[in-house]
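Below, each chain spelled out in residue letters.
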Amino acid sequence: MARLSKDDVLRLAHLARIELSNDEIEEFLIELNEVLAYFQQLQSLDTKGIIETNQVNGLTNVMRDDQLIDYGYAPRVLLKNLPLKMDDQIQVKRMVE
Amino acid sequence: MQQDWPTLKELATAVKNGSSSAIDLTHRALERVERQQKKYNATILTLKEAALKRAEAIDRAIAEGKDPGVLAGIPFIAKDNFLILNSETRAASNILSGFIAPYQASAINALERAGAVCVAKANMDAFAHGASTENSDFGVTKNPYDTSRVAGGSSGGSAASVALGLVPFALGTDTGGSIRQPAAFCGVVGLKPTYGLVSRNGVIAMGSSLDCIGPITSRVEDAALVLDVMSGRDELDSTTIEKDKLGYTNLEKLKLDKVKIGVISEYFEQGLDDEVKAKLLKLLKKLEAGGAKVSNVSLPSTKLALACYYIIAPAEVSSNLSRYDGIRYGYSDRDANDLEQTYLNSRGKGFGKEAKRRIIIGTFVLSSGYYDAYYKKAMTVRTKIINEFDAAFKDYDYLIGPVAPTTAFKIGEKSKDPLQMYLADVMTVAANLAGIPSISLPNGLDEKGLPIGVQLMAGRQNDRNLLLMAKMIEEVNSHA
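Calculation notes
Residues numbered from 1 in each chain as written. Chains lettered and ligands numbered in written order. Predicted model: local features only at pLDDT ≥ 70, side-chain atom pairs only at ≥ 80, totals over all residues. Heavy atoms only, no water. Axes fitted to C-alpha atoms, helices over the stretch in contact; angles between N-to-C directions. Helix = DSSP H or I, 4+ residues; strand = E, 2+ residues; numbered from the N terminus. Parallel < 35°, antiparallel > 145°, perpendicular 65-115°, else oblique. Contact = heavy atoms within 4.5 Å. Nonpolar A, V, L, I, M, F, W, Y, C, P; charged D, E, K, R; others polar. Buried area = accessible area lost by both parts, 1.4 Å probe. Salt bridge = Lys/Arg side-chain N within 4 Å of Asp/Glu carboxyl O. Polar contact = N/O pair within 3.5 Å; in protein donor to acceptor, adjacent residues only side chain to side chain. Phe/Tyr/Trp six-rings, centres within 6.5 Å; stacked < 30°, edge-to-face > 60°. Buried < 20%, exposed > 50% of the residue type's maximum accessible area, 1.4 Å probe, protein only. Lys NZ or Arg CZ within 6 Å of the ring centre and 35° of its normal. Patch = residues over 30% accessible without salt bridge, like charges linked within 9 Å, V, L, I, M, F, W, Y side chains within 5 Å. Areas by Shrake-Rupley, 256 points an atom, 1.4 Å probe, with all protein chains shown as cover. Lys, Arg positive; Asp, Glu negative; His and termini not counted. Charge placed at Lys NZ, Arg CZ, Asp CG, Glu CD. Left-handed = near helix turned anticlockwise from the far one by under 90°. Pairing = 2+ DSSP bridges.

Caption draft 1: Molecular detail of the packing of helix H1 (residues 6-15) of chain A against helix H11 (residues 353-365) of chain B. Where H1(A) meets H11(B), the closest approach of the two axes is 9 Å, and the angle between their N-to-C directions is 100°. Considering the angle they form, H1(A) stands roughly perpendicular to H11(B). Of H11(B), the residues touching H1(A) (which contributes Leu12(A), Ala13(A) and Leu15(A)) are Ile360(B), Thr363(B) and Phe364(B). Partitioned by chemical class, the residues of the contact of H1(A) with H11(B) number five nonpolar, one polar and no charged.

Caption draft 2: Layout of the interface of chain A and chain B. Counting residues at the interface gives 49 residues for chain A, matched by 76 residues for chain B. Taken together, the two surfaces of chain A and chain B that pack against each other cover about 5,700 Å², and 66% of this comes from carbon and sulfur. Counting the surface chain A buries against chain B, the share from its top three residues, Leu42(A), Val56(A) and Asn81(A), is 12%. Between the two partners, chain A and chain B, sit five salt bridges. Ionic pairing is found between Lys353(B) and Glu27(A), a salt bridge with its closest N-O pair at 2.8 Å. Applying the counting rule to chain A against chain B returns 22 residue pairs in polar contact (both at pLDDT 80 or more). For the side of chain A that touches chain B, the secondary structure elements donating two or more residues are H1, helix H2 (22-39) and helix H3 (75-78) of chain A. No other element matches H2(A), which puts 10 residues into the side of chain A that touches chain B. When its residues are assigned to classes, the side of chain A that touches chain B shows 29 nonpolar, 10 polar and 10 charged.

Caption draft 3: Spatial organisation of the packing of aromatic side chains. What the rule picks out here adds up to 17 aromatic pairs over all chains. The interplanar angle of 35° and the centroid separation of 4.7 Å between the aromatic rings of Tyr73(A) and Tyr103(B) together place this pair among those described as tilted. Of this pair, Tyr73(A) sits in the loop between H2 and H3 while Tyr103(B) sits in the loop between strand E2 (75-79) and helix H4 (106-113), on two different chains. The partly exposed category is assigned to Tyr103(B), whose relative accessible area is 22%. Measuring from ring centre to ring centre gives 6.4 Å for Tyr370(B) and Tyr374(B), while their planes differ by 55°; the resulting arrangement is tilted. Residue Tyr374(B) is classed as buried on the basis of its relative accessible area, which comes to 5%. Joined through ring pairs, the aromatic side chains of Phe99(B), Phe127(B), Tyr324(B), Tyr329(B) and Phe351(B) make up one cluster. Positioned above the aromatic ring of Trp5(B), the side-chain terminus of Arg28(B) is 4.8 Å from the ring centre. Just above the ring of Phe409(B) sits the side chain of Lys414(B); from NZ or CZ to the centre is 4.9 Å.

Caption draft 4: Summary view of the pattern of salt bridges. Residues and elements named next belong to chain B. Enumeration according to the criterion identifies 26 salt bridges over all chains in this entry. Notably, a salt bridge pairs Asp67 with Lys16, separated by 3.2 Å at the nearest N-O pair. Of this pair, Asp67 sits in the loop between helix H3 (48-63) and E2 while Lys16 sits in helix H1 (residues 8-17), placing them 51 residues apart in sequence. Assessed through its relative accessible area of 56%, Asp67 is described here as exposed. Owing to a relative accessible area of 33%, Lys16 belongs among the partly exposed residues under this scheme. Where Asp80 meets Lys121, a salt bridge forms, and the shortest distance between an N and an O atom there is 3.2 Å. Here Asp80 is found in the loop between E2 and H4, whereas its partner Lys121 is found in strand E3 (residues 117-122), with 41 residues between them in sequence.

Caption draft 5: Here's a closer look at a positive patch on the surface. Residues and elements named next belong to chain B. A contiguous patch of positive charge on the surface is contributed by Lys255, Lys258, Lys260 and Lys293. Examined against the element boundaries, Lys258 turns out to sit in the loop between helix H7 (220-230) and strand E9 (260-264). A residue is classified by how much of its surface remains accessible, and Lys258, at 64% relative accessible area, is exposed.

Caption draft 6: Expanded view of the packing of helix H9 (residues 305-320) of chain B against helix H12 (residues 372-395) of chain B. Residue and element names in this part refer to chain B. Following both chains from N to C, one finds H9 and H12 inclined at 125°, their axes separated by 9 Å at the closest point. Between H9 and H12, the angle is such that the two are oblique. The element H9 and its partner H12 pack so that their crossing is left-handed. Residue-level contacts link Ala305, Cys308, Ile311, Ile312 and Ala315 of H9 to Tyr374, Tyr375, Ala378, Met379, Val381, Arg382 and Ile385 of H12. Among the residues making up the contact of H9 with H12, the classes are represented as 11 nonpolar, no polar and one charged.

Caption draft 7: Main features of the pairing of strand E7 (residues 189-192) of chain B. Residues and elements named next belong to chain B. Burial along E7 is two-sided: the face carrying Val189 and Leu191 and the face carrying Gly190 and Lys192 are both buried. Here E7 runs beside strand E8 (residues 212-217); their pairing, made up of two bridges, is antiparallel. When the bridges of E8 are listed, Gly190 appears paired with Ile216. Inspection of the sheet shows E7 paired to strand E12 (residues 438-445) by three bridges, in the antiparallel sense. Bridge pairing in E12 links Leu191 to Ile439.

Caption draft 8: Molecular detail of the sheet that holds E12(B). Residues and elements named next belong to chain B. Read from one edge of the open sheet, 11 strands run E1-E3-E2-E6-E8-E7-E12-E13-E11-E9-E10, paired in mixed fashion. Every other strand in the sheet has two partners, leaving strand E1 (43-46) and strand E10 (293-297) as the edge strands with one partner each. Within this sheet the neighbouring strands show an average axis-to-axis angle of 30°, counted without direction. Examined bridge by bridge, strand E6 (residues 169-174) and E8 share six bridges and lie antiparallel to one another. The residue bridging Thr173 from the neighbouring strand is Ile213, located in E8. On top of the sheet, helix H2 (residues 22-40) reaches E1, E2 and E3; it is set at about 10° to E3, its chief contact.

Take it as geometry only, folks, not as evidence of what the structure does.
What follows is the structure in structure tokens.
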């Protein structure tokens, strides 16, 4: 059974790109281990040969012609919520040294 | 509390024949929204200006001899995870503070085309993560029957809004019970339709293989009408399915002697409150007296449904919430010096604790080395659960059980213990895993005067049949 260490929580938080405070790390370490222990009960069910369910309504891929459809979403309106922008472009902080 | 609105059908008729008006109904709803705010905190945003403008337009259309639709002039409240054009939409999370919806949810469009008027946004657990609205960044919604208790969640604001009579109906979303459980806690009707029946375009995603949209109302007939308006294929949500050919209105009376009901035995083993149990057994007696065949049915894998759900849902949450990156919308940390630090700080400061918890659980179950043992395992358990439901629906028309193990719990009672909070969903998550329709109906009060709910389920795409039987339960319960 998996038990998370403090380093594991830090690694997972970094994978998820979330900066945690020290208090949160301590708290999550206890809580997440409790939740993982609860998950353990799934191992009691033999699911050998059973196919996983990804979705439930049986729909398969739908194909359509590659045509532009105008849903009336104006780019300028969509860009209004950008925290940082320059000339209607998304602006981000530096990525490489 | 004044749950005094007539049926939706009567309201629309009155608006159309001039004995009432859209503007009167909208004013009444807006006044009630404002009046409850301090005491109950059911809503977190009022859409006064837009609502009055829409109401005026509807009255004008009627004066010009036009028909504004089956919900003409009827005010409603939408959970804060529905995008409403040009208004702030936050899913009750600070990370979306200031986010103005650049388009509108298909469900809202459908309701507006039918003449309905959205007057406010309901409080909720942030990103619909929770069973009490205590995870809202805007404070908890208080239970209309006892303000020291929760309204349930995550659609607690929507359920409280209907119970308080602010509006005749509200919209909620249900990923693991988020419509049904607060409906039960607040003594109203909450419908989670078949997965895919209502378009989710423009609704903030939580767990995409589980999320459903549905109405919260005072009576079954009203829930049926709202479902009828919202349901069906939408090219903007490729998971949508066709609605029933007969629609969901004009519900004929069901002959109880033709009905077979299975009582899920596992739901009686899991710390079920005595009064919730007694009220359910009393209802079953009444249904039997009416001719229904009622017997126990075992769905053994439903015992594992909660563990299964709390792997699959957070996995999908971790993926869906990756879009909140501090770059495209919402909270963005300005102190960061580079892109990665922008992500880390914006998400670290913007998300509440429960969103972080779920993202990290989801990241873990999907991570290399643990994927097979957790995520893949949960997806096979999901298949087992589905198979058991499918087998049960071969023998029974309906399955019945409690909505939650208890009535509304105290504010603060579970909020310090995430696992205890997750256990509040123990009886509702299976319907989401199986994609079947399920409805929560009022089933009397306990000795403290708190509402008890009963949960009725039917096979996939049997939403119409579900509503027929729900109406019978409502009728049986109306003569106490």
